[in-house]
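Fold and geometry: a report
Spelled out from the first residue to the last, the chains are:
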Amino acid sequence: GGLAVLQHFDSLYSVWQGALTTFCLSSVVSHHSKELPAILGGSGLSQADRAAHLNALKMNCYLLTGLVDAFEMETSSSALLEVDPSGKKNRTKISGSLWEEEREPLLRLLTQLLQLDLRQLWGGLVVEEDFVSLVTGSCYRILENPSIGLQKYRATREAVTHLLAAALIHYDHMFSATLKITQMLQHFEHVAPVFAQAVSLWATEHGLKSLVGELLREIGQKHQQDLARDASGVKGYAVFITELAEQIPGLVLSHISVLLHHLDGESYMMRNAILAAMAEVLVQVLNGDKLEEAARGTRDQFLNMLQAHVCDVHSFVRSRVLQLFTRIVQCKALPLTQFQSVVSLAVGRLKDKSVIVVKNAIQVLAAFLSNNPFSCKVILTSMMEMLGVCRLNICTPAIGPEEEWEAMLPEVRAATQQLFQPLQEGEEEELEVDETVESTLEQITGLLRNVYPKGYISLLFSVQESEDPPRDKTEEVVLEEQRQTELVKQKMLVQYLQDAYNFSAKITEALSLISKMMYENCVSVVQEAIEFFVTVSKFGVPQALLGVRRMLPLIWSKDPAIKEAVLNAYRQLYLNPSGDSERARAQGLVHSLSLIMVDASLGTIQCLEEIISEFVEKDEIKPAVIQLLWERFTEKSQCSSLERRAAVMLLGMMARRKPEIIGSNLDVLVTVGLSEKLCEDYRLAQEVCNAISRLPALGKNNAPFRLPQNHMLFDCLSETVSKGFGQPSAHWIPFMEAAVTLIYQLAEGAEEICAHILQVCSQQALDKLQEADRVSDGASSLPTFLLVHLVSLVGQVALQQVAYLEVSVSAELRRRRILREEKTKKSSGSSVKNMGKETTMEEELGLVGASADDAEAELIRSICETELLDGKHLFSAFVPLVLKICNNPGLYNDSVLSAAAALTLGKFCMISSEFCDSHLRLLFTMMEKSSLPAVRSNLIIAAGDLAIRFPNLVEPWASHLYARLRDPCPSVRQTAGLVMTHLILKDMVKVKGQVSEMATLLIDPEEAIVGVAQNFFSELSNKGNAIYNLLPDIISHLSDPNCSIEEESFHTIMRHLFSYITKDRQTESLVEKLCQRFRTARTERQYRDLSYCLTLLPLSDRGLHKLQDNFDCFADKLQDPAVYGYFQTVLARFRRAGGKLETKALAEELEQKLSACRNRGLDSAETCQEGSGTPVPEPAKQKPTGSSRCRPLSTANRDEDFVTPQPRSLRNQKHAKKHPPPKKAIIAFSSDENSSEDELSAELREEETPTKTTPITRSSARRLR
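What you see is a predicted model, and the numbers here were worked out from it, not measured in a lab.

Turning to the overall build of the chain, a few remarks are in order. Looking only at helices and strands, the chain features 58 helices and 2 strands. Looking at the chain as a whole, 44% of its 1265 residues qualify as buried. Put simply, 75% of the contacts in the chain that link residues at least 6 apart link residues at least 24 apart. A total accessible area of about 65,700 Å² is found for the chain, and carbon and sulfur atoms account for 53% of it.

This is the structure:
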């Protein structure tokens, strides 16, 4: 029975840790719990029986709870499950019985006991607190198990919750539970969700709402300093508050005031939790338009608090608040009056330094767009027009009835007098009166507006005769009320449009900021920016197309996540068009892709081609789309010329991955795209050539794919090029270049086809010249466009001929040689076996193929050097013409002709090194002195190509290439930046001090040029320690007073460059180098520049030691306030970063030395001043430099600047004999000291200097070897 424990307590206590004991105890307690209701319900319970049952109850509960504690302690220490060597899970020996299955029944048994009226066992008094604590202590012990939150222990959690609920309801356990829950939240993070769910259950189902207030009050009374120190405890409180607010937000709202003072505390987790609780209250409780005045005030107060913490000092709080606003907006819980302020805050956070804040700010703006109440589309122009109209309606003063009557009264009197006079014959006038008074009133109103008082009064008399109802003031009151109602509606409309306009303006402002984030280093920010523009595009914002185009280059990103994000964006925007049928969807897709290609740049088209080829490879482009494109091209489907050209471009893009799209319809492309009636549409013909070029380069057996020389494609191309030669068209040259390139790519005997085209076009030019000669009697001249066409055609053929020899012919020679070698090996296989294993040294070293390759390359080179430009070849006939145009810019002053001739000269130089060497001086002279930006840009591109083909010839002229980075024309600077980027990254140009010219592009006023410079240094940073090695040179040149770089601009450049210094070793080395340079600096500007650079380095402990060791280098410069302030900034940043105690002591010592040295220097200066009686002279201030970094074209250059550079060996001999004169003192770095001046010299020795320089207007003679 239940009293058996009284006799066997000692025995059970000694063996209680076992499955048998657990089973026995549970049976005994269960039997006792069944007996107790009858015993407690009886009236004749004696004192002895009551004491016996009470003691038995205490003993049973003590043993049972002891068993629970023992098993739970063992579970938490050694875990319930262990893994044996075979990998299978087995239960431990002790807990392997059935503890997990026994735990829940035991808890239910204890719950049944507590639900009884046990106070009778205590004589009707309060149950002992120790007994309640004994039972509830097991519950808390179970909850301490870290795995209690798992889904499989859900029944156990519910049993514990019901047991504690019984203790709270029947045994006044609230005070103890409050303390225990608070303690466990502080020490066990995993219990926060469990207690939040339990408390919400107790409050909603058992009416224990006061427990919520007690718990929140207990948490609110925690000291802020304690919370700042105990991060783990704060985390438990924060999770509990957040979870509780999600489940019972109404009760949390009633007691949230006790927590608000923690918003000013140091613990960011508590701030996040309280703000999250506010957000849940706003979403679930304070939401809707039917709130009372007090609730509306509380809502506004909470929103103001949330907005205040958007600018919190901690980035986690700022990002969390933005997340909360995202949810509030998505749940439509934000009132319209708060839209503008929250959007403004989100746009401001786009400039935040924290990546996670920026990411969440983008998400907030996307949520605003998706849930804006203004309209489905956000268009500024239409909203501004509507707003202006509505304001005009309100602001226009309405004329009252009294004023209108006063204005018409004189005419009304005259008309009345006339009507009362007797009518004469022929003056009778009758007006028709309508059946109703309302219609008659409309007629009267019309007559009044038309200023016809006579008819108005006549109608009044007529109406009075028929019906004269009494006039009441009610109608006037109703009309006045209607006018007031309309006025209120109009004002509400104006306010609505004003809010919509402000919202649209902020979204437009955000577009420009977010579009710049697409090229950030953080992948998540880039992904959010891409997703944002997808959302914006769906709402029809016109500026969204710019962002959609701006994300196109990201398709080349090395990060697969970014590349996939771009593909998904274009998949959502273009591959999922709306439409009922497949045909309609295909039309929508083609229309959208055609729009994005209108006025698109070449780079945009290349990026779009990559995206479309990815879609084609994954079979995401349906056959209906390809069919529609062919229909548009062949004009079977109605479309404009732009759409037709876009169709050809799209077909070419798709053929990149599936060449059969073009190959199977080649005849259609040729007959339709290059027909006689369409020969004037050269842009379409150009795109047809580009599409055909997508045919595979290799055929069967890796042989090059070639079409016969008499194929109709080449006939059509030759005819179209020849016919267009004599017509002044701006699009003929791009078509001609595409046609010549296609001929050399696909034709057998391409040089013969192009030679024929050249002969035909030259004959047309000669015929025109002879005709002009006959007409003008000897003063012959050609139209300028003919010369432009002829020069461009010659240059393109020359360039493609070189590429044909270097690539196609060379590859074919190698292929044929390999085939011959394989054939020889097969035929001589038996003889090789007989000869044995005798091999030559070349075969052993694998040099047979290499020597053959060299021989083939030498053959190609000899053809280019000796044959292409000799007198027998066709090109030699055009060289004098090109040189004459280039040497006589005054005579041939047409800008287009000069640009074409300059580009052709560069292409001729690509053929032969001898020709290139002879005309480099002319090329660089034109690049430097030409007044036409197009000429300078073309020659920069040509010089870049020459630097790759003939690097030894162009290397002495590298300084002239760098000089174009300061060109006054932005387009030339951008071209020079791009060319130098390629040359430097490919190691085709030596990187010396001139790289500082690339650094100056970082402060260029043109945003595109700044982007080029940023991309250059970003790519350069991937090449090991390149930027670290170049920094001394850059600092040396930019801090030179002769460099004309303003101090603020210098700071901008250095901030960008030092962002690439991330390694500790680099930082330590730079600290030492910069300190040493203080000794050689001569001006105060150089002192400030060097000390500013020190502030940009993230100092480590070793870096601080370096600064201490080199203190003497800059001690005497600390009198300058700016230098002293920079060193104070360095130490302040180090202190904020924290560190070891010894390092902090070293920082304090260094700060004291800085202060003492500065004070000592100031005192000595004052003493000097007092002793001499004369003031200490202030250092001379430098003359302020202009903001323009661009050099003039002609005035700064002399003919001596363009003397042909001497070979390197001669310059070395010169400097070995003669020392250079001393120069001005500048900051000297190790890299400057190691580099000799002869590498930058571009002058000849005296005995080799020509006594007579060739003027620019004359053709230069070929240099003799």
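It is worth spelling out the confidence of the model for the chain at this point. Here the chain averages 76 in pLDDT, and 73% of its residues register 70 or above. Below pLDDT 50 for its whole length, residues 79–97 participates in 23 contacts with residues either more than four positions away or in separate chains.

According to the stated counting rule, one finds 39 salt bridges in the structure shown. We note a salt bridge from Glu928 to Arg964, for which the minimum N-O separation is 3.0 Å. Here the residue Glu928 occupies a position in helix α42 (residues 913–929), and Arg964 occupies one in the loop between α45 (958–963) and α46 (970–985), the gap between them amounting to 36 residues. Of the two residues, Glu928 and Arg964, neither departs from the other in class, the shared state being buried. The closest approach of N and O atoms between Lys1117 and Asp1116, which form a salt bridge, is 3.0 Å. In this structure Asp1116 comes out as exposed when scored by relative accessible area, which is 52%.

All right, on to the packing of aromatic side chains then. This model, assessed by the stated rule, comprises 19 aromatic pairs. Ring centres 5.5 Å apart and planes at 70 degrees place the aromatic pair Tyr1092 and Tyr1126 in the edge-to-face group. Here Tyr1092 is found in helix α52 (residues 1084–1095), whereas its partner Tyr1126 is found in helix α55 (residues 1121–1137), with 34 residues between them in sequence. A relative accessible area of 9% means that Tyr1092 is categorised as buried. With a relative accessible area of 18%, Tyr1126 lands in the buried category. What links up through ring pairs into an aromatic cluster is the set Phe1078, Phe1111, Phe1114 and Phe1127.

This next bit is on helix α48 (residues 1007–1020). For α48, built from 14 residues, the straight-helix expectation of 20 Å at 1.5 Å per residue is met to within 8% by its first-to-last C-alpha distance of 20 Å. Residues of α48 that are buried include every one of Ile1009, Val1010, Val1012, Ala1013, Phe1016, Phe1017 and Leu1020, and no others. Considered in projection along α48, the buried side chains sweep an arc of 155 degrees and stay on one side of the axis. Buried-residue contacts for α48 involve α46, α47 (995–1000), α49 (1026–1038) and α50 (1047–1058).

Contact geometry of helix α13 (residues 268–284) with helix α15 (residues 315–330) gives a least axis separation of 10 Å together with a crossing angle of 10 degrees. Overall, the two elements α13 and α15 adopt an arrangement that is roughly parallel. Here Tyr268, Arg271, Asn272, Leu275, Ala276, Ala279, Glu280, Leu282 and Val283 of α13 lie close against α15, whose contacting residues are Phe316, Val317, Arg320, Val321, Leu324, Arg327 and Ile328. Here the residues of the contact of α13 with α15 are counted per class, giving 11 nonpolar, 1 polar and 4 charged.

Another point: the packing of helix α25 (residues 560–574) against helix α27 (residues 602–617). Between α25 and α27, the shortest axis-to-axis distance is 11 Å and the interhelical angle comes to 80 degrees. By the angle between their axes, α25 is roughly perpendicular relative to α27. Residue-level inspection shows Lys563, Val566, Leu567, Tyr570 and Arg571 of α25 in contact with α27, the latter providing Leu608, Glu610, Ile611, Glu614 and Phe615. Among the residues forming the contact of α25 with α27, the class breakdown is 6 nonpolar, no polar and 4 charged.

Further remarks concern the nonpolar core. One finds Tyr570 and Met1054 to be the most contacted residues of the largest nonpolar core, which totals 334 residues. Apart from residues no more than four positions distant in its own chain, Met1054 is found in contact with Ile1034, Ile1035, Leu1038, Tyr1092, Cys1093 and Leu1096.

Within the secondary structure layout, Arg296 lies in helix α14 (residues 293–308). Judged by its relative accessible area of 27%, Arg296 falls in the partly exposed class. Along the sequence, Arg296 and Leu286 sit 10 residues apart, while their C-alpha atoms lie 7.4 Å from each other. When residues no more than four places from it in sequence are discounted, the contact partners of Arg296 are Asp289 and Leu291. A distance of 2.8 Å separates a polar side-chain atom of Arg296 from the backbone oxygen of Leu291.

Criteria and thresholds
Residues numbered from 1 in each chain as written. Predicted model: local features only at pLDDT ≥ 70, side-chain atom pairs only at ≥ 80, totals over all residues. Heavy atoms only, no water. Helix = DSSP H or I, 4+ residues; strand = E, 2+ residues; numbered from the N terminus. Buried < 20%, exposed > 50% of the residue type's maximum accessible area, 1.4 Å probe, protein only. Contact = heavy atoms within 4.5 Å. Areas by Shrake-Rupley, 256 points an atom, 1.4 Å probe, with all protein chains shown as cover. pLDDT = per-residue confidence, 0-100. Salt bridge = Lys/Arg side-chain N within 4 Å of Asp/Glu carboxyl O. Phe/Tyr/Trp six-rings, centres within 6.5 Å; stacked < 30°, edge-to-face > 60°. Expected span 1.5 Å × (residues − 1). Arc of directions from axis to C-beta. Axes fitted to C-alpha atoms, helices over the stretch in contact; angles between N-to-C directions. Parallel < 35°, antiparallel > 145°, perpendicular 65-115°, else oblique. Nonpolar A, V, L, I, M, F, W, Y, C, P; charged D, E, K, R; others polar. Core = buried A, V, L, I, M, F, W, Y, C linked by side-chain atoms within 4.5 Å. Polar contact = N/O pair within 3.5 Å; in protein donor to acceptor, adjacent residues only side chain to side chain.

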